[in-house]
Amino acid sequence: MNTRVLTGITTSGTPHLGNYAGAIRPAVQASTQPGVDAFFFMADYHALIKCDDPVRVARSRLEIAATWLAVGLDHERVTFYRQSDIPEIPELTWMLNCVTAKGLMNRAHAYKAAVDQNEAKGVEPDDGVTMGLFSYPVLMAADIVMFNANKVPVGRDQIQHLEMARDIAQRFNHLYGREYFTLPEVVIEEEVATLPGLDGRKMSKSYNNTIPLFEGGASALRASVMRIVTDSRQPGEPKDAENSHLYTIYRAFATPQQSAAFRKQLEEGMGWGDAKQALYDHLENLLAPMREKYFDLMANPGRIEDILQAGAAKARKLSTPFMQELRQAVGLRNLQVASAAQGAPAKKEKGKGARFVSFRDEDGGFRFRLLAADGEELLLSQRFADPKEAGALMRRLQSEPADAVLQADGQGYAAVIDGVAVAAAPAGAQAEALERARAALASMAQE
């Protein structure tokens, strides 16, 4: 079975060398692995949160799409689309907004940072805070669960948003009685390359120390490389390659053999000017073919548009029927069908028998409940740090003989697996609840 991996691409700014080494290159490489169903989307709705310049938004969408295609993203192998071309995403965002607690959004890092900055300035806490910024995590959750992604690679600053996406999806599943959404797993790339910029700090547009990936052509690349800060050691003096920004950048784009040879030259006294020329030559050899594709795509935006529209059509083959299913779930149904259903004999709805529901408690632990067909709570689990452990125990309880796992105790009754009480009767449970719990488990085992 393929693993669906979803990657969001922020459509703001022009990509630089650090973006390529740290995010673009590893994502493209990962998309070629067997068993991976890769989704790449351009997060242009997200771009509107921070940018109100329509010219810049439009230009960035073109540059970002051209960049990813030029570096080798296979648009026929993956699903490559613009967020704004999938109308089901904003519709799902509203559905998720309606089940998301405001308190959860209050804890989002981006919102809290904005409030802290306002308080430091002595202005109103919500000054300048838009609903786009406040509810950003809900849109991100919709991006992910719309296609039921199994894994989502993100930076550490986005871990909280992935956890929120899980919480929101879990809440929807619980309210509507079925596992409509897969709970996504966060993937942190521990070995992501972080390139130093011209001044030695992390390469970032914020520091104005970037090396362009394609923009400006070979001359801009060379001019940037020649501005990289070095120490005062003269030609002929051995260089400290390990602490050289030049060497760090070179190594990120070279084979081990090439890196070793460059390091040896530095340690034998190569001058910094010659070293910069060697770095430029190496980068130009790598980037020139991709740059040619990039400028060709930029000159032919219609080709990019065709690719993105094809990607949107591919994505909507999944999102359109899924949204119909979700509309049915929340009650946004065809009136004629709904009227006919009301006049027909009552049928037991799927998912409305005895069932387990999982959730995340206020302390961040994972738990589950056993509910009777009428919604009465019959069991409440212990808290688990690992959601997979909780899921495995739910499956064990459903498959084991009910009389064996449900045992009366001084407090009422408990569900016992391998000698350990993994769930117990809720507070105030009546004596007959034990029999109801056993009947519920038995009915689930027969399904």
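Keep in mind that this is a model prediction, so the values were computed, not measured.

### Quick look at the overall build of the chain
Here comes step 1: From N to C terminus, the chain includes 18 helices and 11 strands.
Here comes step 2: Principal axes of the C-alpha set define a box for the chain whose edges measure 90 × 55 × 55 Å.
Here comes step 3: In the chain, of all internal contacts separated by at least 6 residues, the share reaching a separation of at least 24 is 70%.
Here comes step 4: Roughly 23,100 Å² of accessible area belongs to the chain as shown, and the carbon and sulfur atoms make up 50% of that amount.

### Thoughts on unusual backbone geometry
Here comes step 1: Its identity is not glycine, yet Asn148 carries a phi of approximately 45°, on the positive side.
Here comes step 2: Residue position: Asn148 is located in the loop between helix H8 (136-145) and strand E4 (151-153).
Here comes step 3: Although it is not a glycine, Asp418 adopts a positive phi angle of roughly 50°.
Here comes step 4: Position of Asp418 relative to the elements: it lies in the loop between strand E10 (412-417) and strand E11 (420-424).
Here comes step 5: Judged by relative accessible area, Asp418 falls into the exposed class, the value being 64%.

### Details of the pattern of salt bridges
Here comes step 1: Taken as a whole and assessed by the stated rule, the structure comprises 22 salt bridges.
Here comes step 2: The salt bridge partner of Glu305 is Arg82, with a shortest N-O separation of 2.7 Å. Placement of Glu305 in helix H14 (residues 301-330) and of Arg82 in strand E3 (residues 79-82) is noted, with a sequence separation of 223 residues between them.
Here comes step 3: For Glu305, a relative accessible area of 31% translates into the label partly exposed.
Here comes step 4: Overall, the relative accessible area of 6% leaves Arg82 in the buried class.
Here comes step 5: Bridged by salt links that share partners, the residues Glu242, Arg251, Arg263 and Glu267 form one connected network.

### Considerations on the packing of aromatic side chains
Here comes step 1: Following the criterion strictly, the structure yields 17 aromatic pairs and no others.
Here comes step 2: Considering the side-chain rings of Phe41 and Tyr81, the 5.9 Å spacing of their centres and the 20° angle between planes classify their relative orientation as stacked. Taken together, the residues span a long stretch of sequence, with Phe41 in strand E2 (residues 36-43) and Tyr81 in strand E3 at a distance of 40 residues.
Here comes step 3: Between Phe181 and Phe322, the ring centres sit 5.7 Å apart and the planes meet at 90°, which makes this aromatic pair edge-to-face. Of this pair, Phe181 sits in the loop between helix H9 (159-176) and strand E5 (185-187) while Phe322 sits in helix H14, placing them 141 residues apart in sequence.

Calculation rules
Residues numbered from 1 in each chain as written. Predicted model: local features only at pLDDT ≥ 70, side-chain atom pairs only at ≥ 80, totals over all residues. Heavy atoms only, no water. Helix = DSSP H or I, 4+ residues; strand = E, 2+ residues; numbered from the N terminus. Contact = heavy atoms within 4.5 Å. Areas by Shrake-Rupley, 256 points an atom, 1.4 Å probe, with all protein chains shown as cover. Buried < 20%, exposed > 50% of the residue type's maximum accessible area, 1.4 Å probe, protein only. Salt bridge = Lys/Arg side-chain N within 4 Å of Asp/Glu carboxyl O. Phe/Tyr/Trp six-rings, centres within 6.5 Å; stacked < 30°, edge-to-face > 60°.

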